[in-house]
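Now for the letters of each chain:
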There are 2 protein chains.
Amino acid sequence: MHNDGPLDHLIRMLSGLPGLGNRSARRIALHLLDKRGTTMLPLAKALQTAAENVKDCNICGNLDMRDPCSICCDHKREQSKICVVARVSDVWAIERTHAYKGLYHVLGGLLSALDGIGPEELRLQKLLERSKAGKCEEVILALSATVDGQSTAHYIADRLSSSNVKITRLAHGVPVGGELDYLDDGTITTALKSRSAA
Amino acid sequence: MHNDGPLDHLIRMLSGLPGLGNRSARRIALHLLDKRGTTMLPLAKALQTAAENVKDCNICGNLDMRDPCSICCDHKREQSKICVVARVSDVWAIERTHAYKGLYHVLGGLLSALDGIGPEELRLQKLLERSKAGKCEEVILALSATVDGQSTAHYIADRLSSSNVKITRLAHGVPVGGELDYLDDGTITTALKSRSAA
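Residues numbered from 1 in each chain as written. Chains lettered and ligands numbered in written order. Predicted model: local features only at pLDDT ≥ 70, side-chain atom pairs only at ≥ 80, totals over all residues. Heavy atoms only, no water.

Student: Explain the overall build of chain A to me, and be specific about the residues and the numbers.
Tutor: When you go through chain A residue by residue, the secondary structure sums to eight helices and six strands. When the helices and strands of chain A are placed in sequence order, the string is α-α-α-β-β-α-β-α-β-α-β-α-β-α. Here chain A has a C-alpha radius of gyration of 21 Å; the compact-globule value for 198 residues is 16 Å, and the former is much larger. With the C-alpha coordinates of chain A rotated into their principal frame, the extents come out at 65 × 45 × 35 Å. Within chain A, buried positions represent 43% of all 198 residues. Long-range contacts, defined here as pairs at least 24 residues apart, represent 46% of the contacts in chain A between residues at least 6 apart. In the structure as shown, chain A presents an accessible area of about 11000 Å², 52% of it carried by carbon and sulfur atoms. The averaged location of the 23 negative side-chain charges in chain A is 5 Å from the averaged location of its 25 positive side-chain charges. (Helix = DSSP H or I, 4+ residues; strand = E, 2+ residues; numbered from the N terminus. Rg over C-alpha atoms; globule rule 2.2 N^0.38 Å. Buried < 20%, exposed > 50% of the residue type's maximum accessible area, 1.4 Å probe, protein only. Contact = heavy atoms within 4.5 Å. Areas by Shrake-Rupley, 256 points an atom, 1.4 Å probe, with all protein chains shown as cover. Lys, Arg positive; Asp, Glu negative; His and termini not counted. Charge placed at Lys NZ, Arg CZ, Asp CG, Glu CD.)

Shown next as structure tokens:
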């Protein structure tokens, strides 16, 4: 039986997290109550510590213990490149590749007519300021290949067209390890058009 | 980039919860950091409150704000029936049906030779005591139809065979709404054997 108390409240809160439903929230709550001292209280503490100590970087929008974040403060990184991404998780995804050594700019989302997200909702003004500052030579638009991602990329490219900054995008094509047979027509068409010397 | 700090620690803790992996833990952590005041700190508080206030019922093993739990204390419930289940989530599942008005006994798991769980690890002694106390007339074994569930049921039935208590099990058969075509042979065989007058 659900208690009309803290347990019920906890399950309701857990089930509101992305990817969790009622059943998984109940399962997690029971798992935690089984391990109160070793998991539940430390998790509560970890949540509180993170909430109090993790800051939004005022320059690029990344999350870090310090503001400006450790990427913005790292003078070994190429200060001439700014990689524009929608979310912090995209920064993490690109950092995991170790293939990029420039700076980032997290928009905090994508333009979306459906969801009513306009340019004011995103960190666009700050991006324009950064790209017009002396050091920036290239803005890399690393946005999703969705309608919202591409219209955001178009919008940014348009706003930056008057500046001297080079604007680039991620390449479209066959994913590494991908089988042609399972790819959609759009990807194959793009990959054909953008073919390179073997 | 993962911070080697509270955020990284939080993601590691979240990814250890049942059903969550690295990716979902990252997603949840970012969602929470987006809503620190409205979700993250209240969740930390809810975890702490639940950890401190939810108790194991000393009689049946259910989780509740009070000990003995509100089911054990409810004198309107049939005191003559004890429904034996493996976990608290099974109590919740049965309570959701509103089809049972007796008491419960949560074993805290199932006998499992593979996982090294013997009779001492489960709340079996307490069940024997309860079933031998005057009021108990029927013990309903509501355990999973798995190898571990059935061997646990056998073990309990064996231990209780000397007492005067009636021992029953959940019926096996076609799940309500289930299509015959998709059922395994074992279920169909059992359902045929246990057929009843239409």
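That shown, we press on.
Student: Give a description of the packing of helix α3 (residues 36–53) of chain A against helix α3 (residues 36–53) of chain B that names residues and reports values.
Tutor: Look at α3 of chain A against α3 of chain B: their axes get within 9 Å of each other, and the N-to-C directions meet at 155°. Taken as axis vectors, α3 of chain A and α3 of chain B run roughly antiparallel relative to one another. Crossing of α3 of chain A over α3 of chain B shows left-handed handedness. Contacts between α3 of chain A and α3 of chain B involve Arg36, Met40, Leu41, Leu43, Ala44, Leu47, Gln48, Ala50 and Ala51 of chain A from the first element and Arg36, Met40, Leu41, Leu43, Ala44, Leu47, Gln48, Ala50 and Ala51 of chain B from the second. Partitioning the contact of α3 of chain A with α3 of chain B into residue classes produces 14 nonpolar, two polar and two charged. (Axes fitted to C-alpha atoms, helices over the stretch in contact; angles between N-to-C directions. Parallel < 35°, antiparallel > 145°, perpendicular 65-115°, else oblique. Left-handed = near helix turned anticlockwise from the far one by under 90°. Nonpolar A, V, L, I, M, F, W, Y, C, P; charged D, E, K, R; others polar.)

Student: Just give me the short version of the pattern of salt bridges, but keep the residues and values in it.
Tutor: Residues and elements named next belong to chain A. Throughout the structure, instances matching the rule amount to eight salt bridges over all chains. Salt-bridge contacts for Asp8 lead to Arg12; the nearest nitrogen and oxygen are separated by 3.7 Å. Taken together, the residues Asp8 and Arg12, both in helix α1 (residues 6–15) and four residues apart, mark about one turn of the helix. Looking at Asp8, the relative accessible area reads 15%, which means it is buried. (Salt bridge = Lys/Arg side-chain N within 4 Å of Asp/Glu carboxyl O.)

Student: Lay out the interface of chain A and chain B with the relevant residues and their values.
Tutor: Quoted interface sizes are often the accessible area lost when the parts come together. Listed per partner, the contact involves 50 residues of chain A and 50 residues of chain B. Of the roughly 4600 Å² buried at the junction of chain A and chain B (both faces included), carbon and sulfur atoms supply 76%. At the junction of chain A and chain B, the tally comes to two salt bridges. Among the salt bridges present, the one from Asp56 of chain A reaches Arg36 of chain B, with a minimum N-O distance of 3.8 Å. Scanning the region where chain A abuts chain B turns up two residue pairs in polar contact (both at pLDDT 80 or more). The set of elements that each furnish at least two residues to the side of chain A that touches chain B consists of α1, α2 (22–34), α3, β1 (55–56), β2 (63–64), α4 (70–73) and α5 (88–97) of chain A. It is α3 of chain A that contributes the most residues to the side of chain A that touches chain B, 14 residues altogether. Within the side of chain A that touches chain B, the residues separate by chemical class into 30 nonpolar, twelve polar and eight charged. (Buried area = accessible area lost by both parts, 1.4 Å probe. Polar contact = N/O pair within 3.5 Å; in protein donor to acceptor, adjacent residues only side chain to side chain.)

Student: I'd like a rundown of the relation of the copies chain A and chain B, residues and numbers included.
Tutor: Mapping chain A onto chain B leaves a residual RMSD of 0.1 Å; the transformation is a rotation of 180° accompanied by 0.1 Å of translation along its axis. On this basis, the relationship between the two copies can be described by a two-fold rotation axis. Rotation axis and chain A: the residue whose C-alpha lies nearest the axis is Ala44 of chain A, separated from it by 2.1 Å. A high fraction, 100%, of the interface residues of chain A reappear at the interface in chain B, so the copies pair face to face through one surface. (Least-squares fit on C-alpha atoms with pLDDT ≥ 70 in both.)

Student: An account of the environment of Ile167 of chain B is needed here, citing residue identities and associated values.
Tutor: Residue and element names in this part refer to chain B. Note on placement: Ile167 falls in strand β6 (residues 166–169). Here Ile167 falls in the partly exposed class, since its relative accessible area comes to 29%. Spatially, the C-alpha atoms of Ile167 and Trp92 are 22 Å apart, while their sequence positions differ by 75 residues. Contacts of Ile167, omitting those with residues within four sequence positions, involve Val139, Leu141, Ala157, Leu160 and Ser161.

Student: If you had to explain the sheet that holds strand β3 (residues 78–85) of chain B to someone new, which residues and values would you point to?
Tutor: Residues and elements named next belong to chain B. The four strands lie next to each other as β4-β3-β5-β6, forming an open sheet whose pairing is parallel. Both edges of this open sheet fall to β4 (102–106) and β6, since each of them pairs with a single strand only. This sheet shows a mean twist of 25° between the axes of neighbouring strands, independent of strand direction. Along the sheet, helix α5 (residues 88–97) contacts β3 and β4; its crossing angle with β4, the most-contacted strand, is approximately 155°. Strands β3, β5 (138–141) and β6 of the sheet are contacted by helix α7 (residues 147–160), whose axis makes an angle of about 170° with β6. (Pairing = 2+ DSSP bridges.)

Worth remembering: the numbers are spatial, not functional.
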